[in-house]
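Structural description and commentary
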Amino acid sequence: MSEPIDDCIIIGAGPAGLTAAIYLARYHLDIRLFDCGTSRASWIPTSRNHAGFPDGINGEELLDRMRDQAAKYGAMREPKRVTDLTKPDECFTVTCDDESYRARTVLLATGVVNNRPEGIDEQLHDEALSRGLIRYCPVCDGYEVTDKKVAVIGTGDHGTAEAQFLRTYTSDITLVSPGGDHDLSDTCSKALDEAGIKRVAGPCGDFAVENGAIVFDTAEGRMRFDSMYPALGSVVRSGLAQSCGAKVSDQDCVLVDDHLETSVSGLFAAGDVVLGLDQISHAMGQAGVASTAIRNYLAEIMPLRR
């Protein structure tokens, strides 16, 4: 008896993966969705830039709604972490520890992981995040810190760019080095000076939530802020793509064509794992394109008639 082969396996169940599951299930395809439960969207206290939710929506609530919608159309979601991905023949082998699955196509929606300030307690981090005292996406929620006192944890080009972006919302910005002295070029220093952005050396640590503020130690003493943005970069979860032979950029983002197909035939990617805007709307749009491309790819190799 031959082993079952899914039409598509989706790896990752954030906004991109769940959108793909909704699309592909409605195309009457046999799909499987692996969810390891670490979508960054679940961190969002309230997203107010998602179209259709004028009063905002909690990230976990949004994911719950999308899970229910995917299940309504028959998408099979499994709470498992994928540990390996290969293409030994015309189909893919997806491994979850000691279990393996086969699929004609695979969609990677594995996202990225934000780097956190060193030494911050996980429970404190999650509490501060839920209260908007720690934020990671100025595009998403810069509006929420309008006229507030904000710290950007970072330095160099990346820290400078994030501080400059937030300067359009508030004049009270402090760029705090995560380590010792700042590592700033003359160009960065000039840009910060012209914008009126203060600079404080690190290291920063001993984070706490006190009286509705995030507080921590710096080289200039203990400081308190209404909100803090870590500008420490992120880790792109492209390891599975690379293990399957797909090409990635110098920043480890998965390289795709206009239809979101990687350099490996039948392997697609969408969302933050692909170089993009790191926005829910962008990830969902990419997933719609990728899902339709997957449907058309399958139609070329097999009949899709019911």
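Residues numbered from 1 in each chain as written. Predicted model: local features only at pLDDT ≥ 70, side-chain atom pairs only at ≥ 80, totals over all residues. Heavy atoms only, no water.

1. Let's talk about the overall build of the protein
Regarding its fold elements, the protein presents 8 helices and 16 strands. Each of the three principal axes of the protein carries a C-alpha extent, and together these read 70 × 40 × 35 Å. For the protein, the residues scored as buried account for 50% of the 306 residues in total. Contacts in the protein between residues far apart in sequence, at least 24 positions, make up 57% of those at least 6 positions apart. About 14800 Å² of surface is accessible on the protein, with carbon and sulfur atoms providing 46% of the total. Computing the positive centroid from 29 side-chain charges and the negative centroid from 46, the protein places the two 6 Å apart. (Helix = DSSP H or I, 4+ residues; strand = E, 2+ residues; numbered from the N terminus. Buried < 20%, exposed > 50% of the residue type's maximum accessible area, 1.4 Å probe, protein only. Contact = heavy atoms within 4.5 Å. Areas by Shrake-Rupley, 256 points an atom, 1.4 Å probe, with all protein chains shown as cover. Lys, Arg positive; Asp, Glu negative; His and termini not counted. Charge placed at Lys NZ, Arg CZ, Asp CG, Glu CD.)

2. Some remarks on the nonpolar core
If you look at the biggest cluster of nonpolar residues, it comprises 35 residues, and the most contacted ones within it are Cys 8, Ile 10, Ala 21, Leu 24, Ile 31, Leu 107 and Ile 294. Every element with two or more residues in this core is listed here: β1 (6-11), α1 (15-26), β2 (31-34), α2 (59-72) and α8 (280-301). At 8 residues, α8 tops the list of elements feeding residues into this core. In this structure, Cys 8 is in contact with Leu 24, Asp 30, Ile 31, Arg 32, Ala 103, Thr 105, Val 106, Leu 107 and Ile 294, ignoring residues within four places of it in sequence. Counting residues in hydrophobic clusters, the runner-up holds 25 residues, among them Phe 92, Ala 241, Cys 244 and Val 254. (Core = buried A, V, L, I, M, F, W, Y, C linked by side-chain atoms within 4.5 Å.)

3. A word on the sheet that holds strand β10 (residues 198-200)
Taken in spatial order, the 4 strands make up an open sheet running β10-β9-β8-β14, and their pairing is parallel. Two strands close off the open sheet at either side, each with one partner strand: β10 and β14 (227-230). Pairs of neighbouring strands in the sheet enclose a mean axial angle of 25°, with direction left out of account. Two strands pair when backbone bridges link them, and strand β8 (residues 150-153) and strand β9 (residues 173-176) are joined in this way by 4 bridges, in the parallel orientation. Along β9, the bridge assignment pairs Ala 151 with Thr 174. Helix-sheet contacts for helix α5 (residues 156-166) involve β8, β9 and β14, and the interaxial angle to β8 is about 160°. (Pairing = 2+ DSSP bridges. Axes fitted to C-alpha atoms, helices over the stretch in contact; angles between N-to-C directions.)

4. Focus: the environment of Thr 155
Looking at the secondary structure, you find Thr 155 in the loop between β8 and α5. We classify Thr 155 as partly exposed; its relative accessible area is 22%. When the C-alpha atoms of Thr 155 and Gly 212 are compared, they prove to be 26 Å apart, with 57 residues separating the residues in sequence. Looking at Thr 155, its side chain comes within polar contact range of the side chain of His 182, at 2.8 Å. (Polar contact = N/O pair within 3.5 Å; in protein donor to acceptor, adjacent residues only side chain to side chain.)

5. Some thoughts on the side chain of Thr 174
One can find Thr 174 in strand β9. What makes Thr 174 buried here is its relative accessible area of 2%.

6. Some words on helix α3 (residues 122-130)
Buried within α3 are the following residues: Leu 124, His 125, Ala 128 and Leu 129. End-on view of α3: buried residues confined to an arc of 130°, all on one side of the axis. More than 90 degrees from the buried face of α3, the exposed residues found are Glu 122 and Gln 123. Looking at the buried residues of α3, the elements they touch are β11 (205-210) and β12 (213-218). The N-cap of α3, judged by a side-chain oxygen 3.0 Å from the amide nitrogen of Gln 123 a few residues on, is Asp 121. Phi turns positive, to about 75°, at Gly 132, one or two residues after α3. (Arc of directions from axis to C-beta.)

7. Some points on the side chain of His 125
Within the element layout of this structure, His 125 appears in helix α3. A polar side-chain atom of His 125 sits 2.8 Å from a polar atom in the side chain of Tyr 136. The contact partners of His 125, leaving out residues within four places of it in the chain, are Trp 43, Arg 116, Ile 120, Ile 134 and Tyr 136.

8. Overview of α8
In this model α8 runs 32 Å from its N-terminal to its C-terminal C-alpha over 22 residues, within 8% of the 32 Å that 1.5 Å per residue would give. For α8, the complete set of buried residues consists of Ile 280, Ala 283, Gln 286, Ala 287, Gly 288, Ala 290, Ser 291, Ala 293, Ile 294, Tyr 297 and Leu 298. On the buried face of α8, the contacting elements are β1, α1, α2, β6 (99-108) and β16 (267-269). (Expected span 1.5 Å × (residues − 1).)

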